[in-house]
Amino acid sequence: IACLKKALYLDSFEWIIAYNLGLVYLNTRQYASAFHFLSASINLKPDFASSYMYLAIVLSRLNDFANACNAYEKAIDMEQDYMFHLNYAIT
């Protein structure tokens, strides 16, 4: 986490760093931090569908199911990937 935060400090407009930090926080069950970094990643690169899927997972863990469904639908509209459908179904 420290290395990614340092990288983000050095280049705060690099979307992939924010995305990776979001994934790390999601995997460590720090959902508020994951939401923050995945949202930042989406703001920097809004055409990357996987960011929306992981944001939806975070939102579902935060019990915001309406916005989780919106994020899943956005990801599915952008790219037809079975993982998007699978995660949407189990939410």
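My aim in this report is to walk through the structure given alongside it, one point at a time. Residue positions are counted from 1 within each chain, in the order its sequence is given. It should be noted that, the model being predicted, local features are given only for residues of pLDDT at least 70 and side-chain atom pairs only at 80 or more, the latter also being counted only at that level, while totals for whole chains, interfaces and linings use all residues. Excluding hydrogens and water, the side-chain figures rest on all heavy atoms present in the structure.

1. Overview of the pattern of salt bridges
(1) Moving on: Note on definitions: salt bridges are taken to be side-chain nitrogens of Lys or Arg within 4 Å of carboxyl oxygens of Asp or Glu. Here the structure, examined in full by the defined rule, presents one salt bridge.
(2) Moving on: Between Lys45 and Asp47 there is a salt bridge, with the nearest N and O atoms lying 3.4 Å from each other.
(3) Moving on: Exposure classes here rest on a 1.4 Å probe applied to the protein chains alone. A residue is buried below 20% of its type maximum, exposed above 50%, and partly exposed in between. With relative accessibility at 25%, the residue Lys45 sits in the partly exposed group.
(4) Moving on: Judged by its relative accessible area of 55%, Asp47 falls in the exposed class.

2. Details of the packing of helix H4 (residues 49-61) against helix H6 (residues 82-90)
(1) Moving on: Where H4 meets H6, the axes come as close as 11 Å, and the angle between the chain directions of the two elements is 15°. With respect to each other, H4 and H6 are oriented roughly parallel. The hand of the H4/H6 crossing is left-handed. Contact residues: H4 offers Ala49, Ser50, Met53 and Ile57, while H6 offers Met83, Phe84 and Asn87.
(2) Moving on: Asp, Glu, Lys and Arg are counted as charged, while Ala, Val, Leu, Ile, Met, Phe, Trp, Tyr, Cys and Pro are counted as nonpolar; the rest, among them Gly, fall into the polar class. Residues that form the contact of H4 with H6 fall into these classes: five nonpolar, two polar and no charged. Each axis is a line fitted through C-alpha atoms, taken for helices only over the stretch in contact, and angles between the N-to-C directions span 0 to 180 degrees. Strands here mean DSSP runs of E at least two residues long; helices mean DSSP runs of H or I at least four residues long; both are numbered from the N terminus. Roughly parallel refers to an angle under 35 degrees, roughly antiparallel to one over 145, roughly perpendicular to one between 65 and 115, and oblique to any angle outside these ranges. Left-handed describes a crossing whose near helix is turned anticlockwise from the far helix by less than a right angle; the clockwise case is right-handed. Pairs of residues are marked as contacts when any of their non-hydrogen atoms sit within 4.5 Å.

3. Considerations on the packing of aromatic side chains
Two numbers describe a pair of aromatic rings. These are the distance of the centres and the angle of the planes.
(1) Moving on: Think of it this way: a Phe, Tyr or Trp ring, Trp meaning its six-membered ring, pairs with another when their centres are within 6.5 Å, and the plane angle makes it stacked under 30 degrees, edge-to-face over 60, tilted otherwise. Scanning all chains against the criterion turns up six aromatic pairs.
(2) Moving on: Between Tyr19 and Tyr54, the ring centres sit 6.2 Å apart and the planes meet at 65°, which makes this aromatic pair edge-to-face. Of this pair, Tyr19 sits in helix H2 (residues 15-27) while Tyr54 sits in helix H4, and the two are 35 residues apart along the sequence.
(3) Moving on: Overall, the relative accessible area of 25% leaves Tyr54 in the partly exposed class.
(4) Moving on: With a centroid separation of 5.6 Å and an interplanar angle of 10°, the aromatic rings of Tyr25 and Phe37 are classed as stacked. With a gap of twelve residues between them, Tyr25 in helix H2 and Phe37 in helix H3 (residues 31-44) connect regions that are remote in the sequence.
(5) Moving on: Counting every residue linked through ring pairs, the aromatic cluster contains Trp15, Tyr19, Phe48 and Tyr54.

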